[in-house]
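Take a look at the letters that make up each chain.
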Amino acid sequence: MPNSPLRVLHVIGAMDRGGAETLVMNLYRNVNRDKIQFDFLVNETRECDYDSEIEALGGTIWRIPRFRLVNVASYSRACHDFFSTHRYQIVHGHIGLPAAIYLSHAKKAGSYAIAHSHAQNYPLSPQEAVFRVVSHPTRNVADYFMACSRQAGLDRYGSRIVEGENFHILKNGLDVERGRFDPTSRQEVRNELGIAQDAPVFGHVGRLTSVKNHDFLLKVFKQITIGLPNARLLLLGRGELEDELRKTANELGLSGSVHFLGVRDDVPRFLSAMDVFVFTSFKEGLSNAVIEAQASGLPCIVSTGVPELAKIRDQTVFLDLSLGPQSWANEAIRAYQSSSQSLRSGAYLDARRAGFDIFDSAEWLEDFYLRTAREKTATRQQRNTTC
């Protein structure tokens, strides 16, 4: 059909509520779907958080086995078989480890290949070393490169690509209007959780996994409760460390003060209920959560593992993890004592001015996809004419 939308394939692990996945969904919701449609190639057989919404928006979800290093041959064969039978003009890859494999097969099938970095390098470990070695060839395979920050681009692709013409920082946009502070939600959430309206509430949003450094966060909160005995900590997210973190909270005597709230589709409501956002990650490509917290007007205490690009308000303070839990607690208490609800309502405008409005990101990406598809079509027609 001549008027059918351009279908772009996004290759991603699983469409759960992670940072990269949420960004892609925010983009999907806000592109003109009469012109652009997203399909997804995932490495997961179970139904994931966003699957039903993807299908409702008109997207198709394809599945291949997960890449596990030991299955290089079978994974490569699965990619070959898929791209031999499913033709896409543009393939946008978000999985870093096997990107060179699936993007190579996509290019052989005639696709324009995009590699997208959502994270900086993590602290060096055997697993991280393997990741860097295996993902390195991507820089010689992809046609175009995107990243959530300059550092995320440098760590994944190197300075030659980041300084070149085929690289773009696509900011992790969000719906800033939806994320604005709401005093009614603040009251409702606190009532739902049995938290007094005047209690100090600290919070974090992120997967319960090692890179987010929740163990350190719980130690920080323990020190906070010494100065603020009625303080509460809200943890939004799920992950493999949940049982271990619950045990740690109990050992620290915090079980009655820490709320494990799981994955939520109403994060702005809970941000409105908080007074201070504390983010202790070892490394982040950018962090949607920090941007969203600032858009809600929260003072944020953030590790230096997060790029400076994420700072959009003066109330955001970066601290090195080496300072230890006590220093972090002191800064968090200071932020709480100087916070004001009256200053929060207009904070979403700071996110918009800093370029984190999802409508701007979606507009740029839509234009990029359509322009790239036109150029590919023109090149192909010229080649056919010459032949």
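Structure's up top.
Being a predicted model, the structure only gives us computed values, none of them experimental.

A. Structural detail: the nonpolar core. Residues Tyr 102, Leu 103 and Phe 277 are the most contacted members of the largest nonpolar core, which totals 64 residues. Ranked by residues supplied to this core, first place goes to helix α4 (residues 99–108) with six residues. In this view, Tyr 102 contacts Val 11, Tyr 75, Cys 79, Phe 83, Gly 93, His 94 and Ile 95; residues no more than four positions away in its chain are not counted. The next biggest cluster of nonpolar side chains, apart from the first, holds 30 residues, and it includes Val 8, Phe 38, Leu 57 and Ala 373.

B. Representation of empty space enclosed by the protein within the structure. As enumerated under the stated definition, the model contains one cavity of 30 Å³ or more in all. Roughly 40 Å³ of volume is contained in the largest cavity. Lining of the largest cavity is provided by Gly 93, Ile 95, Gly 96, Ala 99, Ala 115, His 116, Thr 138, Arg 156 and Tyr 157. Those elements giving two or more residues to the lining of the largest cavity turn out to be β5 (112–117) and α6 (150–157). Classifying every residue of the lining of the largest cavity by side-chain character gives four nonpolar, four polar and one charged.

C. Spotlight on unusual backbone geometry. In the Ramachandran plot, Leu 69 falls in the positive-phi region, its phi being about 65° despite a non-glycine side chain. Using a relative accessible area of 38% as the deciding quantity, one classes Leu 69 as partly exposed. The backbone of Ser 287 shows a phi angle near 100°, a positive value even though the residue is not glycine. Along the chain, Ser 287 falls in the loop between β11 (276–279) and α12 (288–295). A residue is classified by how much of its surface remains accessible, and Ser 287, at 5% relative accessible area, is buried.

D. Quick peek at the layout of surface pockets. Estimated volume of the second largest pocket: approximately 250 Å³. In terms of residues, the lining of the second largest pocket owes the most to one element, helix α13 (residues 324–338), which gives four residues. Across the lining of the second largest pocket, the residue classes tally to six nonpolar, six polar and five charged.

E. Region of interest: α4. Most of α4 is tucked away: seven of the 10 residues are buried. Buried positions along α4 lie against β1 (6–12), α3 (72–85), β4 (90–93) and β5. A positive backbone phi angle near 100° is found at Gly 110, which sits one or two residues after α4.

F. Summary view of the packing of aromatic side chains. Considering all chains together, one arrives at 16 aromatic pairs under this definition. Members of the aromatic cluster, joined through ring pairs, are Tyr 28, Phe 38, Phe 40, Tyr 112, Tyr 144, Trp 364, Phe 368 and Tyr 369. In this structure, Lys 171 packs its charged tip against the face of Phe 356, placed 5.0 Å from the ring centre.

G. Representation of α12 within the structure. By the criterion of burial, α12 is predominantly enclosed, with eight of the eight residues buried. Buried residues of α12: Asn 288, Ala 289, Val 290, Ile 291, Glu 292, Ala 293, Gln 294 and Ala 295, and no others. Residues of α12 that are buried in the fold lie against α1 (19–30), β8 (201–205), α11 (267–273), β11, β12 (300–303) and α14 (348–353).

H. View of the sheet that holds β11. Reading across from one edge, β10-β9-β8-β11-β12-β13 is the order of the six strands in this open sheet, with parallel pairing throughout. Either end of the sheet is taken by a strand with one partner, and the two such strands are β10 (258–262) and β13 (317–319). On average, each strand axis in the sheet is inclined to that of its neighbour by 25°, with strand direction left out of account. Summarising the sheet, strand β9 (residues 232–236) and β10 pair through four bridges and their orientation is parallel. Residue pairing for β10: Leu 236 is matched across the bridge by Gly 262.

I. Expanded view of the pairing of β11. Side chains Val 276 and Val 278 of β11 all project onto a buried face; the interleaved residues Phe 277 and Phe 279 project onto the opposite face, where all are buried too. For β11 and β12, the ladder comprises three bridges, and the chain directions are parallel. Following the sheet pairing, Val 278 is matched in β12 by Ile 301. For the segment spanning β11, α12 and β12, crossover handedness is right-handed.

Cut-offs used in this document
- Residue indices begin from 1 for each chain and proceed along its sequence in written order.
- With the structure being a predicted model, the display of local features is reserved for residues of pLDDT at least 70 and the display and counting of side-chain atom pairs for 80 or more, all residues being used for whole-chain, interface and lining totals.
- With hydrogens and water stripped out, all remaining heavy atoms of the structure feed into the side-chain values.
- In plain words, nonpolar cores are sets of buried Ala, Val, Leu, Ile, Met, Phe, Trp, Tyr and Cys residues tied together by side-chain atoms within 4.5 Å.
- Exposed residues in this analysis have more than 50% of their type's maximum accessible area, buried residues have under 20%, and partly exposed residues fall in between, with area computed by a 1.4 Å probe over protein chains only.
- Secondary structure elements follow DSSP: runs of H or I of four or more residues count as helices, runs of E of two or more count as strands, with numbering from the N terminus.
- We call two residues in contact when some of their heavy atoms are within 4.5 Å.
- Cavities and pockets are found on a 1 Å grid laid over the protein atoms alone: a cavity is a set of points where a 1.4 Å probe fits but cannot escape, a pocket is an open set with protein on both sides within 12 Å along at least five of seven lines, and a lining residue has an atom within 4 Å of such a point.
- Grid points are joined across faces, edges and corners, and a volume is the space filled by probe spheres set on the points.
- All amino acids are sorted into three groups, where Ala, Val, Leu, Ile, Met, Phe, Trp, Tyr, Cys and Pro are nonpolar, Asp, Glu, Lys and Arg are charged, and the leftover types, Gly among them, are polar.
- Aromatic rings from Phe, Tyr and Trp, with only the six-membered ring used for Trp, were paired whenever their centres fell within 6.5 Å, and each pair was classed as stacked if the ring planes differed by under 30 degrees, edge-to-face if by over 60, and tilted otherwise.
- Look at NZ for Lys and CZ for Arg. If either is within 6 Å of the ring centre and within 35 degrees of the ring normal, a charge sits over the ring.
- What makes two strands pair is DSSP finding at least two bridges between them.
- Every angle, taken between N-to-C directions, lies between 0 and 180 degrees, and every axis is a line fitted to C-alpha atoms, over only the stretch in contact when it is a helix.
- The crossover handedness rule: strands pointing away from the viewer, path from first strand over the helix to second strand clockwise, crossover right-handed.

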